[in-house]
Amino acid sequence: MKILRSTILHTPRNAFRHADALAAYSDGALAVDNGRIVACADYAEVRAAHPDADVEDLRGGYILPGFIDTHVHFPQVRILGGLGYSLLDWLDQLTLPEEARLADSAYSSTIAREFTRALAAHGTTTALVFGSHFGDATASLLETANTRGLRVFAGIVLSDRKLRPELHQTAEAAYRDSKTLIQQFGADRYVVTPRFALSASEAILDVCQTLVGEHPGVRFTTHINESPNEIAEVARLFPWADDYLGVYERFNLVGPRSLLAHNIHASASELARLSLRGASVSHCPCSNAALGSGILPMRRHVEANVRVSLGSDVGGGTGFGILKEGLQAYLMQRLAAEPMTLAPAQMLYLATRAGAEALEIDDETGDFAPGKSADFVYLQAPENSVLAGVLGRLEDPERILAALFTMAGTESIKEVRVGDRDILH
Ligand code: GUN
Ligand code: ZN
């Protein structure tokens with residue numbers, strides 16, 4: 001048993017429903033045994049209950065639950081920074097040519113290492129990852145994540161039209177290759193992933209329905225309602241659907257284990273149906289701004305009871321930082337047509353527990369409740385940095401969180417753990 005002594009902040013409750021969602025201990029202790037949380041409370045209390053435990057003194061920094069990225073693309077690490085495009089041009093000119101390069105297994109192994117290292121360096125301990133169109137590359141991602149100790153959920157990206165021929169699969173190959181990876185890595189880590197309705201014919205969506213039906217443990221992810229041109233084209237391709245969500249609903253792909261990315265231009269009916277089905281939305285605010293896709297109507301999502309978590313959407317986004325996504329969500333919501341001012345506790349919830357709930361792993365991670373896996377980030381501002389100066393005079397936990405979301409980057413992330421694994425070094 002070990003006690004980590006530090007300032008500790010986490011959200012054991014939904015911060016959109018509970019005013020007291022934030023739990024904060026300025027002189028706190030996280031007691032950990034075999035990678036599991038035994039206690040999280042004030043240091044004096046935990047020390048008294050466990051007088052023989054070793055103590056690691058981490059005062060001067062902050063322990064937060066590991067960040068959870070619910071939408072990030074593995075093959076897009078090396079196209080980060082490609083500004084100046086809208087979604088469909090960006091896919092055509094920058095993204096899909098790079099994704100085609102992952103057919104080469106030596107290259108895809110290199111990218112898998114770069115990608116998993118980058119997640120860990122940014123404090124992300126769990127991620128729902130859009131894999132590659134190629135089975136070998138996707139297997140390499142899942143293997144590399146397991147080796148590092150990252151909690152990654154991923155699957156082969158499925159498409160049979162509108163991209164580039166090298167990225168298309170037949171329905172038979174899509175089914176066969178997905179089954180192979182489900183057998184290899186387990187249904188619980190596998191994610192059925194049609195790229196988006198634009199690039200998936202009814203034959204591919206039918207394969208997705210079969211895979212989900214045959215393996216109830218798998219998760220489902222895709223894109224929805226991201227850009228006006230995309231939405232218009234989907235309406236043309238699926239004339240029988242009332243709206244974008246209706247396409248996925250027709251194939252029984254919308255349920256509690258479904259995470260749909262973006263959903264910026266959703267109708268009231270779509271929001272009501274997402275809520276009814278318990279599906280969740282991955283909000284990617286840096287990507288939404290960078291690609292000019294739009295501003296998520298978060299207030300409408302919250303009021304409709306739609307579950308929302310955060311995604312970096314690398315490489316449409318601007319990097320791997322989930323703190324940065326929390327800040328960008330805050331900035332965009334101040335400017336939204338129906339604005340809302342996100343509280344720091346809501347930003348922390350979105351960055352941690354909300355992701356665990358969306359993935360249905362909130363009994364395992366997302367906050368520091370006893371019994372959960374000890375997935376955490378230890379942040380400490382670099383000496384002489386502006387952030388160190390700001391934090392030095394703050395005691396209020398909400399102010400501390402706001403400063404971390406505004407200013408902490410990788411240089412402040414000193415330790416990242418998943419259970420008993422150090423995934424950073
Ligand atoms: N829609 C289809 N593919 C993609 C992608 O790679 N990124 C984003 N942001 N949207 C998409
Ligand atoms: Zn995406």
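Cut-offs applied
Residues numbered from 1 in each chain as written. Chains lettered and ligands numbered in written order. Predicted model: local features only at pLDDT ≥ 70, side-chain atom pairs only at ≥ 80, totals over all residues. Heavy atoms only, no water. Pairing = 2+ DSSP bridges. Helix = DSSP H or I, 4+ residues; strand = E, 2+ residues; numbered from the N terminus. Contact = heavy atoms within 4.5 Å. Axes fitted to C-alpha atoms, helices over the stretch in contact; angles between N-to-C directions. Parallel < 35°, antiparallel > 145°, perpendicular 65-115°, else oblique. Left-handed = near helix turned anticlockwise from the far one by under 90°. Nonpolar A, V, L, I, M, F, W, Y, C, P; charged D, E, K, R; others polar. Donors = N, O, S within 2.8 Å, 3.2 Å for Na, K, Ca; no water. Tetrahedral: all angles 85-135°; square planar, octahedral: opposite > 155°, others 65-115°. Buried < 20%, exposed > 50% of the residue type's maximum accessible area, 1.4 Å probe, protein only. Salt bridge = Lys/Arg side-chain N within 4 Å of Asp/Glu carboxyl O. Core = buried A, V, L, I, M, F, W, Y, C linked by side-chain atoms within 4.5 Å. Right-handed = clockwise from strand over helix to strand, strands pointing away. Near = heavy atom within 4 Å. Polar contact = N/O pair within 3.5 Å; in protein donor to acceptor, adjacent residues only side chain to side chain.

**Student:** Which parts of the structure should I look at to understand the sheet that holds strand S11 (residues 258–262)?
**Tutor:** Through backbone hydrogen bonds, the strands of a sheet pair up, either in parallel or in antiparallel fashion. Overall, parallel pairing links the six strands, which are arranged S8-S9-S10-S11-S12-S13 in an open sheet. On the outer flanks of this sheet lie strand S8 (157–158) and strand S13 (307–310), each paired with one strand and no other. Sitting on the sheet, helix H12 (residues 322–335) touches strand S12 (280–283) and S13, and the angle it makes with S13 is about 125 degrees.

**Student:** So what exactly am I meant to see when it comes to the packing of helix H3 (residues 105–121) against helix H4 (residues 135–148) here?
**Tutor:** When two helices pack together, their arrangement is captured by the angle between the axes and the distance separating the axes. The contact between H3 and H4 brings their axes to 9 Å, and the two run at 40 degrees. Between H3 and H4, the interaxial angle falls into the category oblique. Note on packing geometry: the crossing formed by H3 with H4 is right-handed. Residues Ser108, Ser109, Ala112, Arg113, Phe115, Thr116, Arg117 and Ala120 of H3 touch H4, and the partners they reach there are Ala137, Ser140, Leu141, Thr144, Ala145 and Arg148. Of the residues in the contact of H3 with H4, the class split is six nonpolar, five polar and three charged.

**Student:** Looking at this model, I keep getting lost on the coordination of the zinc ion (ligand 2). Mind explaining?
**Tutor:** Surrounding the zinc ion (ligand 2) are the protein donor atoms His71 (NE2), His73 (NE2), His223 (NE2) and Asp313 (OD), at 2.0 to 2.3 Å. One way to put it: the four donor atoms around the zinc ion (ligand 2) meet at angles of 90 to 171 degrees, and that makes the site irregular. Each donor residue of the zinc ion (ligand 2) lies on the same chain, and together they follow the pattern H-x1-H-x149-H-x89-D. As far as burial versus exposure is concerned, His71 and His73 are alike and both buried.

**Student:** Explanation requested: the pattern of salt bridges in the structure shown.
**Tutor:** Pairing between side chains becomes possible if they bear opposite charge and their charged atoms approach one another. Under the criterion given, the structure shown has 27 salt bridges. Notably, a salt bridge pairs Asp188 with Arg219, separated by 3.3 Å at the nearest N-O pair. Separated by 31 residues along the polypeptide, Asp188 in the loop between helix H5 (171–185) and strand S9 (191–194) and Arg219 in strand S10 (residues 219–224) bring together distant segments of the chain. Take Arg219: its relative accessible area is 2%, and that puts it in the buried class. Asp188 is the partner of Arg257 in a salt bridge, and the nearest nitrogen-oxygen pair spans 3.3 Å. With Arg257 in the loop between helix H8 (244–250) and S11 and Asp188 in the loop between H5 and S9, the pair connects residues that are 69 residues apart, well separated along the chain. Judged by its relative accessible area of 21%, Arg257 is partly exposed.

**Student:** How should I be thinking about the environment of His283 in this particular structure?
**Tutor:** Relative to the helices and strands, His283 resides in strand S12. Once the C-alpha coordinates of His283 and Val254 are considered, the two residues, 29 residues apart in sequence, prove to be 17 Å apart.

**Student:** Any chance you could explain the nonpolar core here in plain terms?
**Tutor:** For soluble globular proteins, nonpolar side chains are generally found buried alongside one another. Leu64, Phe74, Phe115, Val129 and Tyr248 are the most contacted members of the largest nonpolar core, which has 111 residues in total. For Leu64, the residues in contact, after removing those within four places along its chain, are Leu9, Leu348, Phe368, Asp375, Phe376, Val377, Leu379, Leu401 and Leu404. If you look at the next biggest cluster of nonpolar residues, it comprises twelve residues, including Leu30, Cys40, Ile63 and Tyr378.

**Student:** Explain the pairing of S9 here, please?
**Tutor:** Sheet faces and side chains relate simply in a regular strand, where the side chains alternate between the two faces. Along S9, one buried face is formed by Val191 and Thr193 and the opposite face, lined by Val192 and Pro194, is buried too. Where S8 lies against S9, two bridges are found, and the strand directions are parallel. Each bridged residue has a counterpart across the sheet, and for Leu158 the counterpart in S9 is Pro194. Handedness of the β-α-β unit built from S8, H5 and S9 comes out right-handed. In this view, the connection linking S9 to its parallel neighbour S10 by way of helix H6 (residues 202–214) has right-handed handedness.

**Student:** Even after reading the chapter, I still don't get the site of ligand 1, so can you show me in this structure?
**Tutor:** Residues in close proximity to ligand 1 include His73, Gln76, Leu87, Trp90, Leu91, Arg195, Phe196, His223, Glu226, His262 and Asp313, which together make up its full environment. His223 places a polar side-chain atom, nitrogen or oxygen, 3.4 Å from a nitrogen atom of ligand 1. In this structure, Glu226 approaches ligand 1 through a side-chain N or O atom, which is 2.7 Å from a nitrogen atom. By residue number, the principal contributor to the shell around ligand 1 is helix H2 (residues 87–100), which donates three residues. Taken together, the residues of the shell around ligand 1 sort by class into four nonpolar, four polar and three charged.

**Student:** Mind showing me how you'd approach the environment of Ile361 here?
**Tutor:** The topology assignment puts Ile361 in the loop between helix H14 (353–358) and strand S14 (376–379). Sequence separation between Ile361 and Lys372 is eleven residues, and the spatial gap between their C-alpha atoms is 9.9 Å. Leaving out residues up to four positions away in the same chain, Ile361 has contacts with Thr126, Arg151, Phe153, Arg219 and Ala356.

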